[in-house]
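The primary structure of each chain is shown beneath.
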Amino acid sequence: MRSLSFTNKCKDSTYIDESLSVCSNADGSDKSRLLVIGKSANPRCFKGFKHDLYCDYRNNKKSWMTSLVFHDWLRNFEKKMRIANRHVLMLVDNAPSHIMSENEEGQVGLTNMKVHFLPPNTTSHLQPMDAGVINNFKQHYGRYQRQHLVDAIDENREPKLELSDAIRFSKMAWDEVKPETIKNCFKHTGIIPDNWFDPATTSFSSTATSTTYPRNIFKQIAEHFNIDRAVLITPEEFDHVNDNLEPTEVLTDDEIVDLVTTIHDEDTEEPDAPEEVSTVPSALEARSALEQVTRYRESNRNTNEEDITAISKLRIHLNELVISVAEQKEITDFFHPVGVL
């Protein structure tokens, strides 16, 4: 498990701060759901957005990983391991919010997992997520973030980024991290025996799975915002812009009290700014949009039967929704009043 922080530029020159944690087994066959930590329990952008479809979401005043959040995540992970009858060793960096005593492990109720903390100042060498997995994740995330901005420019709308967008991008980016990348990074750290994986399928690249950067996107952004090309960062620098952000920090007693009281404050919805009405598409509109997707995929030579099967299942579901929300007719609707044809 490894925590990291993001700062996303958004509307009105403000920033969306979020921390998230990634976790996977050694061969990449079981990637855990992302844990995302934001500042507000009920951001305005969550209206009509089901964040639990994408991640586990927690909040606190600093959007940091805390011992309370970490222990809660461990309890849920432990429960999943007990249900699956699995026993696992969890490798965790020794951030202040992660450290826990043997007594605390007992309080959390760890029976099917053992938490092992990496030695200080060794994270970049021994933590598999830091050996290329997080970098690969950031490459994919950055691509979605840049495309979101360019799409806004093309459509002549405000190029804002909501927390809901960041969560969607994070989920897609994590899904795009391939098992081979995770396996290679575990292998590279040396914490896995040489004969653990098949050598024929394991090779390491410092950039893990490379991502193609369309440089015209940076050019288009620079032209739209009148940015001097000389001061633009490179795509590689963009991927590492958040590297020095810490997802946790050693807190004073007063800060801990303030953080805990904020967590239990029921009125945690974002204040002030006027509520923006987001139009939720109807089932009929969603079905019409899917028809466009269907025709597009049918005309694409790279489309296979599995793609069409997935679209067909969604189409069946939308058809059922359209029928279920249709107005039920009364039996009298099928008869005309006397004297009226």
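Relevant structure appears above.
From a predicted model like this one, the values you see are computed outputs, not experimental measurements. (Residues numbered from 1 in each chain as written. Predicted model: local features only at pLDDT ≥ 70, side-chain atom pairs only at ≥ 80, totals over all residues. Heavy atoms only, no water.)

(A) How the structure looks around the pairing of strand E4 (residues 56–59). Here E4 shows a buried face lined by Tyr57 and Asn59 and an unburied face lined by Asp56 and Arg58. Across four bridges, strand E3 (residues 35–38) lies against E4 in parallel orientation. Within E4, the position partnered with Leu35 by the bridge is Asp56. (Buried < 20%, exposed > 50% of the residue type's maximum accessible area, 1.4 Å probe, protein only. Helix = DSSP H or I, 4+ residues; strand = E, 2+ residues; numbered from the N terminus. Pairing = 2+ DSSP bridges.)

(B) Just the pattern of salt bridges, in detail. Tallied over the full model, the rule gives 11 salt bridges. Note that Lys160 and Glu162 form a salt bridge whose closest N and O atoms lie 3.8 Å from each other. A residue is classified by how much of its surface remains accessible, and Lys160, at 21% relative accessible area, is partly exposed. By relative accessible area, Glu162 is classed as partly exposed at 26%. (Salt bridge = Lys/Arg side-chain N within 4 Å of Asp/Glu carboxyl O.)

(C) Up close: helix H6 (residues 179–189). Buried within H6 we find Thr181, Ile182, Lys183, Asn184, Cys185, Phe186 and Thr189. After H6 finishes, the residue Gly190 shows a positive phi value of roughly 85°.

(D) Examining the nonpolar core more closely. Counting 29 residues, the largest nonpolar core has Val22 and Ile167 as its most contacted members. For this core, the secondary-structure elements that each account for two or more residues are strand E2 (15–22), helix H4 (133–154), helix H5 (163–176) and H6. Of the residues forming this core, the biggest block, six residues, is contributed by H5. In this structure, Val22 is in contact with Met1, Arg2, Leu4, Leu34, Met129, Ile134 and Trp174, ignoring residues within four places of it in sequence. In this structure, Leu35, Val92, Leu110 and Val115 belong to the second largest nonpolar core, which totals 19 residues. (Core = buried A, V, L, I, M, F, W, Y, C linked by side-chain atoms within 4.5 Å. Contact = heavy atoms within 4.5 Å.)

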